[in-house]
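Structural features, examined
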Amino acid sequence: MNRFKREIMWAALVLIIALTVLSIYGAFIGAERAQAFFNSIPSAVFWALFGLALVAGLIAFRRLIRVPGLLLMHAGCILVLIGGALGSEKGYKAAGNERVREGWMTIYEGQRSNQAKVEKKIPLFNISVDFAGSLDRRIIPESLRQEFTKQQMTLSQKAVAWISQAQRSWVIADEPNQYFIRREGVKLKVYDFVREMKELPFSIKLNDFRMEYYDYEAPYLEIEVTGSQLQRIPAEIGQQLDLGGELGTAKIVRKFERFKMSLEDGKQVAFEDPHGNPMPALEIEITSPAGEVTRRYAFSLMPGFGHSQSGPKLTYVKPTGGMVSDYISELEVIDKDGKVVAKKDIEVNHPLQYAGYRFYQSSYDQEGGRYTVLQVVSDTGVMVVFAGYWAICVGVVWHMWLRHLFKKIGGKTQTHGN
Amino acid sequence: MEIKPTTQGVLIYVTMAVYLQAFIVSLLGRRKVGHALYLIGFVVAAVSWGYRWYHVGHVPLQNLFEVFLFLGMIYPLSLFCRRVLRVGGYTADMMIGVIVLFPAGFVFSARPQQLPPALQSWLFTPHVAVYMMSYILMAKATVQAVCQLIGLNPKPGEDILAPEQATYRMIYAGFPLLTLGLILGSYWGKQAWGDYWAWDPKELWSLVSWLAFLIYFHFRYMFGKKHPNINSVLAILGMVAIIITLLWVNLSKLFPGMHSYA
Ligand code: HEM
């Protein structure tokens, strides 16, 4: 290896080790900060150096061009870097790319929209004070208020704060402004949090939003009959069971979702309280062979409650609702002339792809299921990254496996593993 | 931790017991008996996987329980490494067989699971299966690297590679799978969340594992066998990164204030 090659190899080794160390650091600071970190200007310089080293390697080492596997792997990495740069926020800015990079659309059933809500964070100022732990609460600390005043931006007493999903950040809403605050070590970074609507060159119509559930075990009543045997009947009014021998029969006569008891004329009366807490219950009548009727209650949330009384043990088993198996939005893409140009029922893992955008099932109207929330992401650079992925995969599999397999089959001696 | 009192469970425990016996007998120098037991263990493991197939009516590679059950059939891979790749560690493989069956026997539920929407993807199984297979190969590489460091060389009559070369060959075999696992995961991320790379800790650790082996390759290319101990240490560091990746969700609880992902 000559000196030039040696230096390139050292550079490659140092860069790969550096990336490893940075990735470990990134794993410790959490996704949100890691994303900001790896998209910062110093990181962009690092990525550029990495790409340059790969290009220099391809130029200096003829084997990297001649050996197909090595070429595919290294060139593939260059493609991933290029694709990543094109798709990054800075890449959009540099290329003057005006497309919606990431946004959200809320669409009601039967309606159409081309409006995507885009969130932007514009850095305002940093505070070098440690607000130890205070980002976990909804109370805005006095010191933060003072800092805002110092910056000639007041926070009114009406301002409310909430913790964003990533835990390490806050959103403060103070009509009409919103601020985004992130903790980085002993610093708080304050951003102007702007939400603006952007228009897509076509619109999306939601025909229907629905959820599908897994089948689940229907609720049932378990009754201990003679000889400590357990038997089940569906938890439906009118269902009955012969308990055998002295015990008579049991019959479900009432079903409650929010069971309550009250005293009326010295008697306990059970009733359904629409404003009460969930307390699913069954009322069971047990008729003895002599015709004597006793009333019993079984509660799914309190199994065993009342078991100590005489008579058979009654257990109300009510599996909590079926798990959601799918969120489905039936979408149509409608172009400027009102023509339907694409159609797809999207679910999680199955986005709609149209004109360089992808639409993902993101959220929905939790109260009535009347609207859906889609995430819109533009695809700039993604295909380049995926081409790189293909190159790396094919290169690695060819170079490390298939090449040797074919050599073996061809009868030549194995050469790897020097 | 749960014990499975079912036919499936019994098959798993029998496989583990036979593998363990094979391991102990081999360590005591009774190679032939060990080999035979290993083969018997494999047959039970194959019956166990076949039983599962019959039971659920589809190729049983759809959840973690089934993937680990599949990995329990390590014998052919072990034989391939021994005979074709001429890599030692045949006895250690029996123990690896016990270790991979442990989660199937005691940790993961055998009940056909109801997958939340995010996991309903054809990518789920290949992503996990490919990763698991690469982990086995990298574990074998680590065994070889440790042999190199402590100077445990094959006996003169044995037709197997010296540990340093064997480490390299195992990493050569495992790296394509590790690469596929990473890339399938990334592609899945694009399908499910709209982004192929989200910089979350689990992703970053899997990148670190991959990079560790890149360091190994480039270092070994530069220096060849001049620093065999450093080569071995780099290979072991790769495995350490893999273990951290696997356990990160649990480990991260050691670091207060950090959020973890599944
Ligand atoms: C940063 C600049 C890089 C340079 C200058 C570089 C250069 C080289 C060179 C000269 C070799 C030896 C090829 C031979 O056997 O003759 C090599 C091997 C290799 N490179 Fe890179 N490389 C770089 C980055 C990468 C990256 C990012 C990857 C990721 C896929 C990669 C993957 C590999 C692999 C897997 C080998 C091992 C092949 C083997 O051992 O047979 N390299 N690289």
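Presented here is an overview of the structure given in this document. (Residues numbered from 1 in each chain as written. Chains lettered and ligands numbered in written order. Predicted model: local features only at pLDDT ≥ 70, side-chain atom pairs only at ≥ 80, totals over all residues. Heavy atoms only, no water.)

**Quick notes on the overall build of chain B**
Secondary structure summary: chain B contains nine helices and zero strands in total. Scaling as 2.2 N^0.38, a compact globule of 262 residues should have a C-alpha radius of gyration of about 18 Å, and chain B matches this with 19 Å. Its C-alpha atoms put chain B at 55 × 45 × 35 Å along the principal axes. For chain B, the residues scored as buried account for 56% of the 262 residues in total. Put simply, of all contacts in chain B between residues at least 6 apart along the chain, 74% involve residues at least 24 apart. Accessible surface, chain B as shown: approximately 11500 Å² in total, 71% of it carbon and sulfur. (Helix = DSSP H or I, 4+ residues; strand = E, 2+ residues; numbered from the N terminus. Rg over C-alpha atoms; globule rule 2.2 N^0.38 Å. Buried < 20%, exposed > 50% of the residue type's maximum accessible area, 1.4 Å probe, protein only. Contact = heavy atoms within 4.5 Å. Areas by Shrake-Rupley, 256 points an atom, 1.4 Å probe, with all protein chains shown as cover.)

**As for the coordination of the iron atom of the ligand**
By definition of the ideal shapes, four donors in a tetrahedron about a metal sit 109.5 degrees apart, and six donors in an octahedron sit 90 or 180 degrees apart. The iron atom of the ligand binds to the protein through His 74 of chain A (NE2) and His 218 of chain B (NE2); the donor distances cover 1.9 Å. Note that the iron atom of the ligand binds six donor atoms; their angles at the metal cover 86 to 179°, and the shape is octahedral. Here His 74 of chain A, found in helix 5 (residues 68-87), pairs with His 218 of chain B, found in helix 8 (residues 201-223), and the two come from separate chains. The exposure class of His 74 of chain A is buried, given its relative accessible area of 14%. The exposure class of His 218 of chain B is buried, given its relative accessible area of 16%. (Donors = N, O, S within 2.8 Å, 3.2 Å for Na, K, Ca; no water. Tetrahedral: all angles 85-135°; square planar, octahedral: opposite > 155°, others 65-115°.)

**A closer look at the site of the ligand**
Within the structure, the ligand sits among 24 residues, and Arg 63 and His 74 of chain A together with Tyr 168, Tyr 172 and His 218 of chain B are positioned closest to it. The ligand sits at the junction of chains A and B, each of which supplies nearby residues. In this structure, Arg 63 of chain A approaches the ligand through a side-chain N or O atom, which is 2.6 Å from an oxygen atom. Note that a nitrogen atom of the ligand is positioned 2.7 Å from one of the side-chain N or O atoms of His 218 of chain B. Elements that contribute at least two residues to the shell around the ligand include exactly helix 1 (3-29), helix 3 (41-60), helix 4 (62-66), helix 5 and helix 8 (382-409) of chain A together with helix 7 (163-193) and helix 8 of chain B. Among the elements that take part in the shell around the ligand, helix 8 of chain B stands out by supplying five residues, more than any other. (Near = heavy atom within 4 Å. Polar contact = N/O pair within 3.5 Å; in protein donor to acceptor, adjacent residues only side chain to side chain.)

**Comments concerning the interface of chain A and chain B**
Tallying the contact residues gives 61 residues for chain A and 54 residues for chain B. Between chain A and chain B, the buried area comes to about 5200 Å², and carbon and sulfur atoms account for 67% of it. Salt-bridge contacts for Lys 190 of chain B lead to Asp 379 of chain A; the nearest nitrogen and oxygen are separated by 3.5 Å. At the level of elements, helix 1, helix 2 (31-38), helix 5, strand 16 (324-334), strand 19 (357-364), strand 20 (371-378) and helix 8 of chain A are the ones that each hand at least two residues to the side of chain A that touches chain B. Among the elements that make up the side of chain A that touches chain B, the one with the highest residue count is helix 8 of chain A (14 residues). Across the side of chain A that touches chain B, the residue classes break down as 34 nonpolar, 19 polar and eight charged. (Buried area = accessible area lost by both parts, 1.4 Å probe. Salt bridge = Lys/Arg side-chain N within 4 Å of Asp/Glu carboxyl O. Nonpolar A, V, L, I, M, F, W, Y, C, P; charged D, E, K, R; others polar.)

**Overview of the packing of aromatic side chains**
By the definition in use, this model includes 47 aromatic pairs over all chains. Look at Tyr 168 of chain B and Tyr 216 of chain B: their rings are 6.3 Å apart centre to centre, the planes differ by 35°, and that puts the pair in the tilted class. In this pair, Tyr 168 of chain B is assigned in helix 7 and Tyr 216 of chain B in helix 8, connecting sequence segments 48 residues apart. Given a relative accessible area of 12%, Tyr 168 of chain B falls into the buried group. Residue classification places Tyr 216 of chain B among the buried positions, given a relative accessible area of 1%. Every member of this aromatic cluster is reached through a ring pair, and the members are Tyr 25, Phe 37, Phe 38, Phe 46, Trp 47 and Phe 50 of chain A together with Trp 197 and Trp 199 of chain B. Lying over the aromatic face of Tyr 92 of chain A, Arg 101 of chain A brings its terminal NZ or CZ to 5.6 Å of the ring centre. (Phe/Tyr/Trp six-rings, centres within 6.5 Å; stacked < 30°, edge-to-face > 60°. Lys NZ or Arg CZ within 6 Å of the ring centre and 35° of its normal.)

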